Amino acid sequence: MPSRHDHEHTHDHEQDERQDAAEAAELEREARRLIALSRIRQYGDPALRMKAREVEDFDDDLLRLVERMTTLMHEAQGVGLAATQVGVLRRLFVYVDEDEDRVLLNPAIVTSSMETAAEDEGCLSLRGVLVPVERHIKVTLEGLDERGAAVRTEIEGPTARVVQHELDHLDGVLIIDRTDDESRRGALATLRPQPVLGAAAPR
Ligand code: NI
């Protein structure tokens, strides 16, 4: 019969293994996030400043693009991703609304609340940047789904902020364009490429 000590030892061992497994899962999640970010256009990439064109072809390529963008958004741990962020200059974005994956093509805001709110916003294309941006708290969007059917959706709360952010991407507009001067200066300092130590050493 195992002693009390042995029993505790076994228990601790199982706990350690569970903890190791949780840490391994977290490391993998972080690795996936970094790989996903490397596949998303980053600040300085001209695609982020271009105006996207309307989607016209509702074919298998489009369905594959939507699927790829949705996977990338989740792996990057984001809640929205616009086509321009993957270098596709077409008017569509994916986003998460109440745990559901959504897509909107050729979107337009048809009504927006008078009321606005300023809150910190980040962007998968501007790593390390968080700046206050004023947005309508409620918007109604019209557009198409991935099969070309008309969609009209009323959105409020955090998701209203997300869709306004993604719609901006389709016009080449970024959060640093919509924040105050001081926050923009701070963001640009963060985004400036860091010099590699020793690279500028005198000869
Ligand atoms: Ni963004």
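Residues numbered from 1 in each chain as written. Predicted model: local features only at pLDDT ≥ 70, side-chain atom pairs only at ≥ 80, totals over all residues.

A. Here's a closer look at the overall build of the protein. Within the protein, the secondary structure is distributed over 4 helices and 7 strands. Reading the protein from its N terminus to its C terminus gives the helix and strand order α-α-β-β-β-β-β-β-β-α-α. Expressed as a percentage of the 203 residues in the protein, the buried residues total 26%. A sequence separation of at least 24 residues applies to 66% of the contacts in the protein between residues at least 6 apart. (Helix = DSSP H or I, 4+ residues; strand = E, 2+ residues; numbered from the N terminus. Buried ≥ 20, exposed ≤ 12 C-beta atoms within 10 Å, placed from the backbone. Contact = placed C-beta atoms within 7 Å.)

B. Spotlight on unusual backbone geometry. Even without glycine at this site, Gln77 takes up a positive phi of about 60°. Notably, Asp99 is not glycine yet its phi reads approximately 70°, a positive angle. Position of Asp99 relative to the elements: it lies in the loop between β2 (92–97) and β3 (100–112). Overall, the presence of 5 C-beta atoms within 10 Å leaves Asp99 in the exposed class.

C. Quick look at the environment of Lys51. Along the polypeptide, Lys51 turns up in the loop between α1 (4–38) and α2 (60–75). Taking the C-alpha atoms as reference points, Lys51 and Arg90, 39 residues apart in sequence, are found 8.4 Å from one another. When near neighbours in sequence (up to four residues on either side) are disregarded, Lys51 contacts Asp171 and Gly172.

D. Layout of the sheet that holds strand β1 (residues 80–82). Read from one edge of the open sheet, 5 strands run β1-β2-β3-β6-β7, paired in antiparallel fashion. The open sheet has two edge strands with one neighbour each: β1 and β7 (150–156). Neighbour-to-neighbour, the strand axes of the sheet open up by a mean angle of 40°, direction not taken into account. Pairing of β3 with strand β6 (residues 138–144) involves 5 bridges; the strand directions are antiparallel. When the bridges of β6 are listed, Ile109 appears paired with Leu141. Packing of helix α3 (residues 158–169) onto the sheet brings it into contact with β1, β2, β3, β6 and β7, and relative to β2 it is tilted by some 165°. (Pairing = 2+ DSSP bridges. Axes fitted to C-alpha atoms, helices over the stretch in contact; angles between N-to-C directions.)

E. Quick look at the nonpolar core. The biggest cluster of nonpolar side chains holds 36 residues, and the ones touching the most others in it are Met69, Leu81, Phe93, Val94 and Val163. Of all the elements in the fold, those that place two or more residues in this core are α2, β1, β2, β3, β5 (126–136), β6 and α3. Here the element with the most residues in this core is α2; it accounts for 5 residues. When residues no more than four places from it in sequence are discounted, the contact partners of Val94 are Val66, Met69, Thr70, Met73, Gly80, Leu81, Asp101, Arg102 and Val103. (Core = buried A, V, L, I, M, F, W, Y, C linked by C-beta atoms within 7 Å.)

F. Structural view of the pairing of β2. Bridge count for β1 against β2 is 3 bridges, and the pairing is antiparallel. Note on β2: the bridge partner recorded for Leu81 is Val94. Where β2 and β3 come together, 6 bridges link them in antiparallel fashion. Within the sheet, the bridge partner assigned to Tyr95 lies in β3 and is Arg102. In sequence, β2 turns back onto β3 through a hairpin of 2 residues, with Glu98 there showing a positive phi of about 50°.

G. Up close: α2. Helix length check: α2 (16 residues) gives 23 Å between terminal C-alpha atoms against 22 Å at 1.5 Å per residue, within 8%. What α2 keeps buried is the set Leu62, Leu65, Met69, Leu72 and Met73. Taken down its axis, α2 places every buried residue within 100° of arc, on the same side. Looking at α2, the residues exposed on the side facing more than 90 degrees away from the buried face are Asp60 and Arg64. (Expected span 1.5 Å × (residues − 1). Arc of directions from axis to C-beta.)

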